[in-house]
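Given next are the chains, with one letter for each unit.
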Amino acid sequence: VTKGNADYVDPPRIPTGAFAVDLMSGGGVPMSKVSIVYGPEGSGKTNLCLKAMAEGQRMYPDKMAVFIDAESSFDPVWTETLGVDLSRVIVVHPEYAEQAVDIIESFLYADDVFMVVLDSIAALTTQNEIESSATKQIVGGASLLIGKMFKKASVSFQRMTNAGQCPPAFIGINQIRHKIGVMYGDPETMPGGNAPK
């Protein structure tokens, strides 16, 4: 009796440089998959992704890494300290979430990119929210867009695989928020709705 998919092939992985994380994840960040790194503020999420980027540069010396800096917090000096070759990193500063999604989609189709890192999902703000008054309530705008981003990523992975190419790894960094008024159960949640889960 065969259980599961007998044709499943485990994708190549990029080690993170943190032994415990690599052991737990089966070898590191998988290529052609979406990975979410989340946790409280200051827990080293960006550092983990930058270390994985440095490891990936050793594995793929002829490919580039992409860092989508939605938080405007990219530190080139610290990034070099972690072992990343800045000459092989494309840093993009999108103005709003729609622009970030389009940029991510285009890089996921590039055959000379091994990793795309989005820092962070929580910082993505829609164009409508930026251009409207601060008093205006906009509910669910970013969540819909983030859901669309993950759908586009899945399609790009499938198309590249069908074309015989190895899709890049896509890492989304997210933060933890706490629901207000939760007395029972886990009050922790992530921005972006259910799509990142």
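Refer to the preceding data block for the structure.
Residues numbered from 1 in each chain as written. Predicted model: local features only at pLDDT ≥ 70, side-chain atom pairs only at ≥ 80, totals over all residues. Heavy atoms only, no water.

A.B. asks: Help me understand the overall build of the protein chain, please; the structure alone is not making it clear to me.
C.D. replies: For the protein chain, the helix and strand inventory stands at six helices and nine strands. The dimensions of the protein chain, computed from C-alpha atoms along their principal axes, are 50 × 50 × 35 Å. In the protein chain, buried positions account for 40% of the 197 residues. Long-range pairs, those at least 24 residues apart, make up 69% of the contacts in the protein chain between residues at least 6 apart in sequence. As displayed, the protein chain has an accessible area near 11000 Å², and 53% of this comes from carbon and sulfur atoms. Distance between charge centres in the protein chain, computed from 16 positive and 22 negative side chains, equals 8 Å. (Helix = DSSP H or I, 4+ residues; strand = E, 2+ residues; numbered from the N terminus. Buried < 20%, exposed > 50% of the residue type's maximum accessible area, 1.4 Å probe, protein only. Contact = heavy atoms within 4.5 Å. Areas by Shrake-Rupley, 256 points an atom, 1.4 Å probe, with all protein chains shown as cover. Lys, Arg positive; Asp, Glu negative; His and termini not counted. Charge placed at Lys NZ, Arg CZ, Asp CG, Glu CD.)

A.B. asks: I tried to follow the pairing of strand β7 (residues 169-175) on my own but got confused; where do I start?
C.D. replies: Within a regular beta strand, the side chains point alternately toward one face of the sheet and then the other, so they alternate between its two faces. Most of β7 sits inside the fold, with seven of its seven residues counted as buried. Of the two faces of β7, the one carrying Ala169, Ile171, Ile173 and Gln175 and the one carrying Phe170, Gly172 and Asn174 are both buried. Sheet analysis places strand β3 (residues 34-39) next to β7, joined by six bridges and oriented parallel. Residue pairing in the sheet places Val34 in a bridge with Phe170 of β7. Sheet topology places strand β6 (residues 113-119) next to β7; five bridges connect them, and they run parallel. From the neighbouring strand, Val116 faces β7, where its bridge partner is Phe170. (Pairing = 2+ DSSP bridges.)

A.B. asks: So what exactly am I meant to see when it comes to the pairing of β6 here?
C.D. replies: Across the seven residues that make up β6, a large majority, seven, are buried. Where strand β4 (residues 64-69) and β6 come together, six bridges link them in parallel fashion. Bridge pairing in β6 places Ala65 opposite Met115.

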